[in-house]
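Now for the letters of each chain:
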Amino acid sequence: MKTKDRILSVSLELFNRDGVSQVSTLIIATEMGISPGNLYYHFRGKDEIITTLVNELQNSLTTVSNEYASQVKDFDDYWPFMHTVMALFTHYRFLFRNLDSLNGQNPQIKRKIRTLILKLRHLCNDMLKHLVELGKLKCDEQSLPLLADNLLLVSLNWLNYQTLLDDHYTESDLARSGVLRLISLVEPYLTDNAKSPFFTHKDLVEELVT
């Protein structure tokens with residue numbers, strides 16, 4: 001792995017584990033066993049590393065969004081797709097656990113985060129509209145944007161809540177937990193012929209409260 005890629009990988013691991021504010025470029029360089037000068041040869045500072053990681057997530061979400069139409073044809077395709085999105089959230093969880101501090105840290109980072117959130121909001125709206133078109137979701141046009149926003153709010157904040165309860169979750173467990181919470185928000189709007197092949201209502205409730 002090239003040094004630049006290693007810097008991003010180690011930084012992501014440290015940011016996810018310890019939080020952005022607790023990790024300096026010196027700590028990253030020390031963790032890697034390289035000099036600070038070597039790190040600064042590739043990145044001008046921590047903000048540039050963060051910006052690059054946000055770009056990575058943004059590019060991945062763009063790819064996922066572009067694949068939505070081909071991957072999600074029917075109701076049963078939603079849960080694997082949602083898990084793919086949530087897996088990205090958990091992989092870059094430092095961003096969602098530090099939104100407030102990152103938002104006020106650097107104008108460029110703030111713009112990128114806003115663009116990212118708007119993209120996610122658009123994806124939430126598209127998914128819900130598609131469910132309505134499939135006859136699986138009963139939601140009027142006025143309520144649909146509110147439901148989309150609530151899904152996005154949970155998506156952006158559930159990691160903080162979950163890791164406060166238990167910080168020993170694996171990435172896979174975190175992604176599943178996030179998907180379950182989104183399903184619990186959508187479930188009251190599902191039509192009678194919309195039954196998930198992965199979760200029953202009883203399973204959903206039991207897993208969310210344990």
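Worth saying up front: this structure is predicted, and the values here are computed from it rather than measured.

Caption draft 1: Here's a closer look at the UniProt feature "DNA-binding region" (unreviewed entry) in the protein. Taking the UniProt record as the reference, the feature "DNA-binding region" (unreviewed entry) is found at residues 24-43. For residues 24-43, helix accounts for 75% and strand for 0%, while the C-alpha atoms at its two ends are 13 Å apart.

Caption draft 2: The arrangement of the UniProt feature "domain: HTH tetR-type" (unreviewed entry) in the protein in detail. The positions UniProt marks with the feature "domain: HTH tetR-type" (unreviewed entry) are residues 1-61. Strand forms 0% of residues 1-61 and helix 77%; the C-alpha atoms that close the span are 24 Å apart.

Caption draft 3: Geometry of the pattern of salt bridges. Tallying each qualifying case throughout the model produces four salt bridges. Residues Glu48 and Arg44 are paired through a salt bridge, measuring 3.0 Å at the closest nitrogen-oxygen approach. Residue classification places Arg44 among the exposed residues on the basis of a relative accessible area of 72%. Taking the shortest distance from any N to any O, the salt bridge between Arg93 and Glu171 comes out at 3.1 Å. Placement of Arg93 in helix α6 (residues 93-97) and of Glu171 in helix α10 (residues 171-186) is noted, with a sequence separation of 78 residues between them. Relative accessible area serves as the criterion here: at 17%, Arg93 is assigned to the buried category.

Caption draft 4: Main features of helix α2 (residues 25-32). Of the positions making up α2, those classed as buried are Thr25, Ile28, Ala29 and Met32. All buried residues of α2 lie within an arc of 95 degrees about the axis, which places them on one face of the element. α2 presents Leu26 and Thr30 as exposed residues on the side facing more than 90 degrees away from its buried surface. Of the surrounding elements, those touching the buried residues of α2 are α1 (3-18), α3 (36-42) and α4 (46-71). Gly33 occupies a position one or two residues after α2 and carries a positive phi of about 80 degrees.

Caption draft 5: Examining the packing of aromatic side chains more closely. Evaluation of the coordinates by the stated rule reveals five aromatic pairs. Where Phe75 meets Trp79, the ring centres are 5.4 Å apart and the plane angle is 85 degrees; that geometry is what we call edge-to-face. For Phe75, a relative accessible area of 2% gives the class buried. Its relative accessible area of 7% is what places Trp79 among the buried residues. What links up through ring pairs into an aromatic cluster is the set Tyr68, Tyr78 and Phe81.

Caption draft 6: Just empty space enclosed by the protein, in detail. Per the counting criterion, the structure on display carries one cavity of 30 Å³ or more. By volume, the largest cavity is sized at about 240 Å³. Lining the largest cavity are 17 residues, with Met82, Cys124, Met127, Leu151 and Leu182 positioned closest to its centre. Secondary-structure elements contributing two or more residues to the lining of the largest cavity are α5 (78-91), α8 (107-133), α9 (143-165) and α10. Class assignment of the residues belonging to the lining of the largest cavity gives a composition of 16 nonpolar, one polar and no charged.

Caption draft 7: Local environment of the environment of Ser24. Here Ser24 shows up in the loop between α1 and α2. Looking at Ser24, the relative accessible area reads 30%, which means it is partly exposed. Linking Ser24 and Arg44, residues 20 residues apart in sequence, is a C-alpha distance of 12 Å.

The rules behind each value
Residues numbered from 1 in each chain as written. Predicted model: local features only at pLDDT ≥ 70, side-chain atom pairs only at ≥ 80, totals over all residues. Heavy atoms only, no water. UniProt positions renumbered as here; feature names shortened; annotations may be inferred. Helix = DSSP H or I, 4+ residues; strand = E, 2+ residues; numbered from the N terminus. Salt bridge = Lys/Arg side-chain N within 4 Å of Asp/Glu carboxyl O. Buried < 20%, exposed > 50% of the residue type's maximum accessible area, 1.4 Å probe, protein only. Arc of directions from axis to C-beta. Contact = heavy atoms within 4.5 Å. Phe/Tyr/Trp six-rings, centres within 6.5 Å; stacked < 30°, edge-to-face > 60°. 1 Å grid on protein atoms, 1.4 Å probe; cavity = no way out; pocket = protein on both sides within 12 Å on 5 of 7 lines; lining within 4 Å. Points joined across faces, edges and corners; volume = space filled by probe spheres on them. Nonpolar A, V, L, I, M, F, W, Y, C, P; charged D, E, K, R; others polar.

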